[in-house]
Amino acid sequence: MRLKSVYISQYKNLKEFTLLTVPANGQIRQQVINHNTGGNYGNRSLLTIELLFHGVAGLDVYFTIDTERTDGFIKFIGDSQKGHIR
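Source: prediction; values computed, not measured.

Caption draft 1: Layout of the environment of K75. By the secondary structure assignment, K75 is in strand β4 (residues 74–76). Take K75: its relative accessible area is 22%, and that puts it in the partly exposed class. Separated by 21 residues in the primary sequence, K75 and H54 have C-alpha atoms spaced 9.2 Å apart.

Set out below in structure tokens:
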């Protein structure tokens, strides 16, 4: 089996890794795959497990543009963070 696009995510300060399949298209894919080169953005890539739910009806309130980055990437905001963002 050949995986076209995968992303390895490392949890902060842990030595555990998660292998995530990069979505086939859409804005989240563009946060990992550079469409100009076909490569990825390395440590600037952004794909968390929560971002796999981006675009699901009714969940848009949990996603926002990450204003701490200059690339316009989307990030997940959980209930505990909602009071601190927006």
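Caption draft 2: How the structure looks around the environment of G42. If you trace the backbone, G42 turns up in the loop between β2 (17–21) and β3 (63–65). The spatial distance from the C-alpha of G42 to the C-alpha of V32 is 8.0 Å, given a sequence separation of ten residues.

Caption draft 3: View of the packing of aromatic side chains. Inspection of the entire model under this criterion finds three aromatic pairs. Relative to F76, the ring of Y62 has its centre 6.1 Å away and its plane inclined at 15°; by these criteria the two rings are stacked. Taken together, the residues span a long stretch of sequence, with Y62 in the loop between β2 and β3 and F76 in strand β4 at a distance of 14 residues. Classification of Y62 by relative accessible area gives partly exposed; the value is 23%. Linked through ring pairs, Y62, F63 and F76 together constitute an aromatic cluster.

Caption draft 4: Representation of the side chain of S45. Within the fold, S45 resides in the loop between β2 and β3. Take S45: its relative accessible area is 5%, and that puts it in the buried class. At 3.2 Å, the side chain of S45 forms a polar contact with the backbone nitrogen of Y41.

Caption draft 5: Focus on the pattern of salt bridges. By the definition in use, this model includes three salt bridges. Put simply, D71 and R44 hold a salt bridge, and the shortest N to O gap is 3.1 Å. Of this pair, D71 sits in the loop between β3 and β4 while R44 sits in the loop between β2 and β3, and the two are 27 residues apart along the sequence. For the salt bridge of K75 with D66, the shortest nitrogen-to-oxygen distance reads 3.9 Å. Note on D66: relative accessible area 10%, which makes it buried. The structure contains a network of salt bridges with shared partners spanning R44, R69 and D71.

Conventions used here
Residues numbered from 1 in each chain as written. Predicted model: local features only at pLDDT ≥ 70, side-chain atom pairs only at ≥ 80, totals over all residues. Heavy atoms only, no water. Helix = DSSP H or I, 4+ residues; strand = E, 2+ residues; numbered from the N terminus. Buried < 20%, exposed > 50% of the residue type's maximum accessible area, 1.4 Å probe, protein only. Phe/Tyr/Trp six-rings, centres within 6.5 Å; stacked < 30°, edge-to-face > 60°. Polar contact = N/O pair within 3.5 Å; in protein donor to acceptor, adjacent residues only side chain to side chain. Salt bridge = Lys/Arg side-chain N within 4 Å of Asp/Glu carboxyl O.

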